[in-house]
Structure formats: structure tokens, C-alpha cells
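Overview (structure and organization)
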Amino acid sequence: MSIPSEPISPQQAKALQHGAIPGFVFEECNRLLALNLKNGRAEVFVPELSDAVNARMAWFPEYERMLKTDTRPEHWLSLENIRRTYEPAGWSVEYDRPAYYEKGQAKFIFTERR
């Protein structure tokens, strides 16, 4: 996708941001989603997804600097981008993060829409 040489709308900016997410981010999310799917519902834990994405980044020289400096763009795993991608495909996506006094990990919850 080329970047326009004139002002863009917020929607266009979001589309550009989304287009900048490498395919392997969605491949890893898909893999974990399929692995954890039970009765139309799957929980994908953010630390596990983040680790899987970091491992895949190591395969690509263009991401080596990001990996060394831990500067992976946060929008790669943002709820907004995950929703924008998976909801048109038939999923309802929620994000759950435990309160500071609770144990557990942040997770995306995918539920099949019927």
C-alpha cells in the first residue's frame, strides 16, 4: 500500500497501520486460536502470542534491530487491529486483563459468531 502525499483521514491512517502488520503476526495468532479452540471459543494469551511473534521476527533480517531493541510496534497486537481483522471473519473478540491484585495473564477471547 502506498502512502498518500496529501492529508489522510483517521480511517486511512488506521488502514495504513493495519497494512504494516506482517503476515506472520496473524499466522501465529491463527495457530494459537486453532490450538485453543473448544466449542466455538478460544483464549489466546497475550504473552504466548507475543513470544511466538518475537520468535518469528528472528527469522527475518529486517526485524532484527526491532528484536534487539525490543521495539516491536505495539499496534501489531492491539485489540483494535485484532478486532478489525478477525471480526469480519466471523469472530467476536474481547480482551481480558486481570486486575493488579489478581493472578493470570492478559488474553484475547475469540468467540464464534452465529
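So, here's what we can say about the structure. Along each chain, numbering runs from 1 in the same order as the chain's sequence is written. Only residues with pLDDT of at least 70 get local features here, since the model is predicted, and only at 80 or more are side-chain atom pairs given and counted; chain-wide, interface and lining totals rely on the full set of residues. Heavy atoms throughout the structure, all of them, feed into the side-chain values; hydrogens and water do not.

1. Here we look at the sheet that holds strand 2 (residues 91-96)
Reading across from one edge, 1-3-2 is the order of the three strands in this open sheet, with antiparallel pairing throughout. Across the chains shown, the open sheet's two edge strands, defined by having one partner strand only, are strand 1 (41-45) and strand 2. In this sheet, adjacent strand axes meet at a mean angle of 20° when their direction is disregarded. Here six bridges tie strand 2 to strand 3 (residues 107-112), and the two strands are oriented antiparallel to one another. Residue pairing in the sheet places aspartate 96 in a bridge with lysine 107 of strand 3. Contacts were defined at the residue level, with two residues in contact if any of their heavy atoms lie within 4.5 Å. Convention adopted: a line fitted to C-alpha atoms gives each axis, helices being fitted over their contacting stretch, and angles between N-to-C directions are expressed from 0 to 180 degrees. Only DSSP runs of H or I covering at least 4 residues are called helices, and only runs of E covering at least 2 are called strands; the numbering of each starts at the N terminus. Its contacts with the sheet place helix 2 (residues 23-36) against strand 1, strand 2 and strand 3, and it is angled at close to 130° to strand 1. Seen against the sheet, helix 5 (residues 79-86) touches strand 2 and strand 3 and runs at an angle of roughly 165° to strand 2. DSSP-based pairing: two strands are paired if at least 2 bridges between them are found.

2. Some words on the side chain of arginine 56
Note that arginine 56 resides in helix 3 (residues 46-57). The definition of a polar contact used here is a pair of N or O atoms within 3.5 Å, where within protein one atom must be able to donate a hydrogen and the other to accept one, and adjacent residues in sequence count solely through side-chain atom pairs. For arginine 56, the side chain forms a polar contact with the side chain of glutamate 27, separated by 2.5 Å. With residues near it in sequence (within four places) discarded, arginine 56 still touches Phe24, Glu27 and Glu28.

3. Some details on the environment of glutamate 64
Assignment of secondary structure puts glutamate 64 in helix 4 (residues 64-69). Residues glutamate 64 and asparagine 54, 10 residues apart in the sequence, show an inter-C-alpha distance of 9.9 Å.

4. Things to note about helix 2
Multiplying 1.5 Å by the helix residue count minus one yields the expected span of that helix. The terminal C-alpha atoms of helix 2 lie 20 Å apart, and with 14 residues this matches the ideal 20 Å at 1.5 Å per residue to within 8%. When a residue's accessible area, from a 1.4 Å probe over protein chains only, is under 20% of the maximum for its type it is buried; when over 50% it is exposed; and in between it is partly exposed. Those residues of helix 2 lying buried are Phe24, Val25, Phe26, Glu28, Cys29, Leu32 and Leu33.

5. A closer look at the environment of threonine 111
For threonine 111, the position within the fold is in strand 3. Accessibility expressed as a relative area gives 26% for threonine 111, which makes it partly exposed. Between the C-alpha atom of threonine 111 and that of tryptophan 91, which follows or precedes it by 20 residues, the distance is 5.5 Å. In this structure, threonine 111 is in contact with Gly40, Arg41, Gly90, Trp91 and Ser92, ignoring residues within four places of it in sequence.

6. Re the nonpolar core
Within the largest apolar cluster, 24 residues are counted, with the highest numbers of intra-cluster contacts made by Leu49, Val53, Trp76, Tyr86 and Phe110. Secondary-structure elements contributing two or more residues to this core are helix 2, strand 1, helix 3, helix 5, strand 2 and strand 3. Tallying contributions element by element places helix 2 first for this core, with six residues. For phenylalanine 110, the contacting residues outside a window of four places in its chain are Cys29, Leu33, Gly40, Arg41, Ala42, Val44, Ile82, Tyr86, Trp91, Ser92 and Val93. Among buried residues, the Ala, Val, Leu, Ile, Met, Phe, Trp, Tyr and Cys ones that are joined through side-chain atoms within 4.5 Å form a nonpolar core.

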